[in-house]
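Residues per chain, in single letters:
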Amino acid sequence: MRTLRDVRIGETATVVKLHGEGAVKRRIMDMGITKGTDVFVRKVAPLGDPVEVTVRNYELSLRKADAEMIEVQEVQG
């Protein structure tokens, strides 16, 4: 299983599944990260937390723990 945490800077991935339950999963979905959405990794902080991504044409910073709950696949192209 590949997560958003594993995606390198400059790569784009497509969300396959959201792991986690309840409020945490709902918060991730409220930020616009849903199944089938493309996510571009812009920057990663020096210690790996947070991860800055572009999703649905806006920039978003995610905690490393939240990024590990987002299962992705590499965009073909």
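Please refer to the structure placed before this passage.
Residues numbered from 1 in each chain as written. Predicted model: local features only at pLDDT ≥ 70, side-chain atom pairs only at ≥ 80, totals over all residues. Heavy atoms only, no water.

## Concerning the overall build of the chain
Item 1. Within the chain one finds two helices and five strands.
Item 2. In sequence order, the chain lays out its α and β elements as β-α-β-β-β-α-β.
Item 3. A compact globule built from 77 residues would reach a C-alpha radius of gyration of about 11 Å, and the chain, at 11 Å, matches this within 12%.
Item 4. Across the 77 residues in the chain, those meeting the buried criterion constitute 35%.
Item 5. Sequence-distant contacts in the chain: of pairs separated by 6 or more residues, those separated by 24 or more amount to 59%. (Helix = DSSP H or I, 4+ residues; strand = E, 2+ residues; numbered from the N terminus. Rg over C-alpha atoms; globule rule 2.2 N^0.38 Å. Buried < 20%, exposed > 50% of the residue type's maximum accessible area, 1.4 Å probe, protein only. Contact = heavy atoms within 4.5 Å.)

## Quick look at the side chain of Thr 3
Item 1. In this structure, Thr 3 sits in the segment before β1 (12–18).
Item 2. With a relative accessible area of 8%, Thr 3 lands in the buried category.
Item 3. The contact partners of Thr 3, leaving out residues within four places of it in the chain, are Ala 67, Glu 68, Ile 70, Glu 71 and Val 72.

This is a description of form; function is not addressed.
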